[in-house]
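Architecture at a glance
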Amino acid sequence: MPKPRKKIRTPAQRVRRRVTVAGVVALLLGVVAVVLLTVYVGNRALVAKDALQAAQGQLTSFKSALGQPNAPSTTMLYRSLQKNTSRAAEQVDDPVWSLYERIPVVGPNLKAFRQTSTLVNTLVHDGVGPIAEAADGISVDSLKPQNGAINIAPLKKLTPAMGDIDDAITAADRSAGAIDTKDVVPQLKQPIAQVQSMLGEAAPVTHELRKIMPVLYPALGGEGSRHYLLIFQNNAEERASGGNPASMAMLVVKDGKISLGKQGSSSNFPKYSTPPYTPKGTGNGDWPKIYTDYASTYVTNITMTPDFPSTAKMARAMWRDQIGGKVDGVISFDPVALSYLMRATGPVKLQDGTEITADNAVQFLLSDVYAKNTNPAVQDAIFASAAQAIFSAVTNGQGSPTAYLDQLQPMMTEQRLKMWSVRDDEETLLMDSPLGNMLPEDNTEKTVLGVYNNDDATSKMSYYMDEQVKVVADTCTATPKYTVSAKVINTLPSAKAYSLPEYVKAHQPRIVPGGDRQWVQVYGPVGAKLKAVYIDGKKVVWGTNFSYKVNTNYAATGEADRRPAVKGTMYDRPVGVVSLNLGPASSKTVKAVFTGGTANSKTVEVSHTPKVREVPVTIDAAKCG
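Computed from a predicted model, the values in this text were never measured in an experiment.

**Description of the sheet that holds strand β12 (residues 528-535)**
Taking strand neighbours across the sheet as the criterion, the 6 strands line up as β13-β12-β16-β10-β9-β18 in an open arrangement whose pairing is mixed. Each end of this open sheet is capped by a strand with a single partner; those strands are β13 (538-539) and β18 (617-621). For strand β9 (residues 465-474) and strand β10 (residues 481-490), the ladder comprises 10 bridges, and the chain directions are antiparallel. Paired with valine 471 across the strands is valine 484, a residue of β10.

**Focus on a negative patch on the surface**
On the surface, a cluster of negative charge is made up of Asp432, Glu441, Asp442 and Glu445. Note that glutamate 445 resides in the loop between α14 (424-431) and β8 (447-455).

**Some details on the packing of helix α5 (residues 153-177) against helix α6 (residues 186-219)**
Close contact between α5 and α6 brings their axes to 8 Å; oriented N to C, the two are set at 155 degrees. If you check the angle between α5 and α6, you find them roughly antiparallel. Considering how the two elements wind past one another, α5 and α6 form a crossing that is left-handed. In the contact of α5 with α6, the residues fall into 14 nonpolar, 8 polar and 5 charged.

**Digging into the sheet that holds strand β3 (residues 257-265)**
The strand order across the open sheet built from 5 strands is β3-β2-β1-β4-β7, with neighbouring strands paired in mixed fashion. Both outer strands of the open sheet, β3 and β7 (418-421), are each paired with one neighbouring strand and no more. Here the average twist between neighbouring strands, direction ignored, is 25 degrees. Of the strands in this sheet, β1 (226-239), β2 (242-254) and β3 are in contact with helix α12 (residues 376-395), which crosses β3 at around 170 degrees.

**A closer look at the pairing of β8**
Within β8, 9 of the 9 residues are buried, which leaves it mostly tucked inside the rest of the structure. Taking every second residue as pointing to the same face, both faces of β8 are buried, with Thr447, Leu449, Val451, Asn453 and Asp455 on one and Val448, Gly450, Tyr452 and Asn454 on the other. Pairing geometry for β8 and strand β17 (residues 604-608), over 5 bridges, is parallel. What sits directly across from glycine 450, in β17, is serine 607. Where β8 and strand β11 (residues 516-523) come together, 6 bridges link them in antiparallel fashion. Looking at the pairing, aspartate 455 lines up with glutamine 518 of β11.

**Digging into the state of the cysteines**
Cysteine pairs can be covalently joined through their sulfur atoms, and such a bond is termed a disulfide. With the rule as written, the count across this model stands at 1 disulfide. Each disulfide pairs two cysteine sulfurs, and for cysteine 476 the partner residue is cysteine 624, the sulfurs being separated by 2.0 Å. Residues cysteine 476 and cysteine 624 share a disulfide whose torsion about the S-S bond is about -90 degrees; that sign makes it left-handed. Of the two residues, cysteine 476 sits in the loop between β9 and β10 while cysteine 624 sits in the segment after β18, which places them 148 residues apart along the sequence. Take cysteine 624: its relative accessible area is 45%, and that puts it in the partly exposed class.

**Here's the deal with the nonpolar core**
Within the largest apolar cluster, 95 residues are counted, with the highest numbers of intra-cluster contacts made by Leu119 and Leu199. The greatest single-element share of this core, amounting to 12 residues, is contributed by helix α4 (residues 106-135). Trp287, Met438, Val448 and Tyr523 belong to the second-largest nonpolar core, a separate cluster that totals 38 residues.

**Regarding the packing of α4 against α5**
At a minimum axis distance of 8 Å, the contact between α4 and α5 shows a crossing angle of 170 degrees. What the angle tells us is that α4 and α5 run roughly antiparallel. Crossing of α4 over α5 shows left-handed handedness. Between α4 and α5, the residues in contact are Leu119, Leu123, Asp126, Gly127, Pro130, Ile131, Glu133, Ala134 and Ala135 and Lys157, Leu158, Ala161, Met162, Asp164, Ile165, Ala168, Ile169, Ala172, Ser175 and Ala176, respectively. Class assignment for the residues of the contact of α4 with α5 results in 14 nonpolar, 2 polar and 4 charged.

What counts and how
- Residues numbered from 1 in each chain as written.
- Predicted model: local features only at pLDDT ≥ 70, side-chain atom pairs only at ≥ 80, totals over all residues.
- Heavy atoms only, no water.
- Pairing = 2+ DSSP bridges.
- Helix = DSSP H or I, 4+ residues; strand = E, 2+ residues; numbered from the N terminus.
- Patch = residues over 30% accessible without salt bridge, like charges linked within 9 Å, V, L, I, M, F, W, Y side chains within 5 Å.
- Areas by Shrake-Rupley, 256 points an atom, 1.4 Å probe, with all protein chains shown as cover.
- Salt bridge = Lys/Arg side-chain N within 4 Å of Asp/Glu carboxyl O.
- Lys, Arg positive; Asp, Glu negative; His and termini not counted.
- Charge placed at Lys NZ, Arg CZ, Asp CG, Glu CD.
- Axes fitted to C-alpha atoms, helices over the stretch in contact; angles between N-to-C directions.
- Parallel < 35°, antiparallel > 145°, perpendicular 65-115°, else oblique.
- Left-handed = near helix turned anticlockwise from the far one by under 90°.
- Nonpolar A, V, L, I, M, F, W, Y, C, P; charged D, E, K, R; others polar.
- Contact = heavy atoms within 4.5 Å.
- Buried < 20%, exposed > 50% of the residue type's maximum accessible area, 1.4 Å probe, protein only.
- Disulfide = S-S within 2.5 Å.
- Core = buried A, V, L, I, M, F, W, Y, C linked by side-chain atoms within 4.5 Å.

Printed below as a string of structure tokens:
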């Protein structure tokens, strides 16, 4: 069998064959390179993922250790945490990784992963690091009062670190918001969304703490002694911001050491013909006809306004006029707030051996005291004893710091704890919080309506007065409309009207036994108009001044009771004031209609007098669209 003939290739064919072989080899090498590079990038991604997962657990441990006694060193925890976040950031900071970010489908995932790893590492380094160092060895118990003093050194140490973490969270929040997750797989999109959400929630908190921290150290006497006038508002005799402030005391703080100074009661203050301070200025133009001289001439009436800065300035002026001394600020609270405080301290004993608890404090201080003691001097002594006992329990560390923090929230939410400072920087912070004022200065964050009560019977009948508030808000039109209804209820049974202690009964004329008379103030939104007010469906006729001696409209509602209804503008808000006279087991409803407002928020809320018992508030907001 003949051998096959060898195929003879032309020179051109031989060149093409070499080119083809070279191309195949190049292709194979390219595939191998891509595979190797893909493996390379994939391995880096796995290392980075594992490092971030480890860091997540370490961050949880770090957060748990902050402020806890006998916890591991926050500095050591931070170092381990930083090691892992740095490792993750190093893995994604790579030229090959950057090259792969340009590849469709894969690229957006790699880019988002790199951005997340980088921002987490920067946040840990720039924010967690300073806090870890400043907080090392400091626990919540470090700030617990002991022997009448608070160790304020940690506050000075933590203040600059709070600025660092706020800067870090602000930068991280900005970076997180710039991450595009549109083409990212769900397995990666979800954790990125969690990081974005966490930073979005944390940023406002650190902003506030950054503002608050610098004032805490000096406020606690770190830069010289501070003198705070304490006002105890008695809800049994209602005032707009709580109650009759007949009992006061001076709180002195120096280098964290807290002591009670001079104490006073209404008997220490005269009824001024020319008060040492009368609220004035922008927004207060109608003070003379709305409040007349009732609220500024006698110490028991300075809380008739919901504007706490005005109350504080009147209290400060009267204290300095009669008792003298320095007053750096004013702090106000009521017996209900004291009962909340006692949830943290536990029971306390008065000088006579009486034990009061969180459960019986309100009834004891607002009712039992008057039933058992007819002498006002004895009543004042009991109030002073209660205040001293609770003060001693707090300043000597009775109860845990976390328990106090838990009770701080309801005190603020119910507007039972208020503060004012003579220093502008501190007062600015307070005015941005529920501690500073009952009505916000504008409607931008929330549209707040006010309903306030002032006892006008020289009695302690407010212990029996309840209230229910309902708002119907229509914000769907260019001119919003708000209808506020306040049902005031005298809960005293008729059968008990004649058995009340003399000190509790109303002592003003034209009030039946067991009855009460009070002002009801209704405030609208900033810049709004008061269209009308009704009492049990009957439209109110306005007088020209709440004082019957000055009023010139004798047809005004309430004139027969020498309490003519009046309206005006206070704090740039429309306000109407009417007088109610209620017998036992009866009620009356005041309804006010407001329209308009300046830059109204869709969020509607009600501020009201902190009463002995809870005030149910219902808000019916129209659904637009």
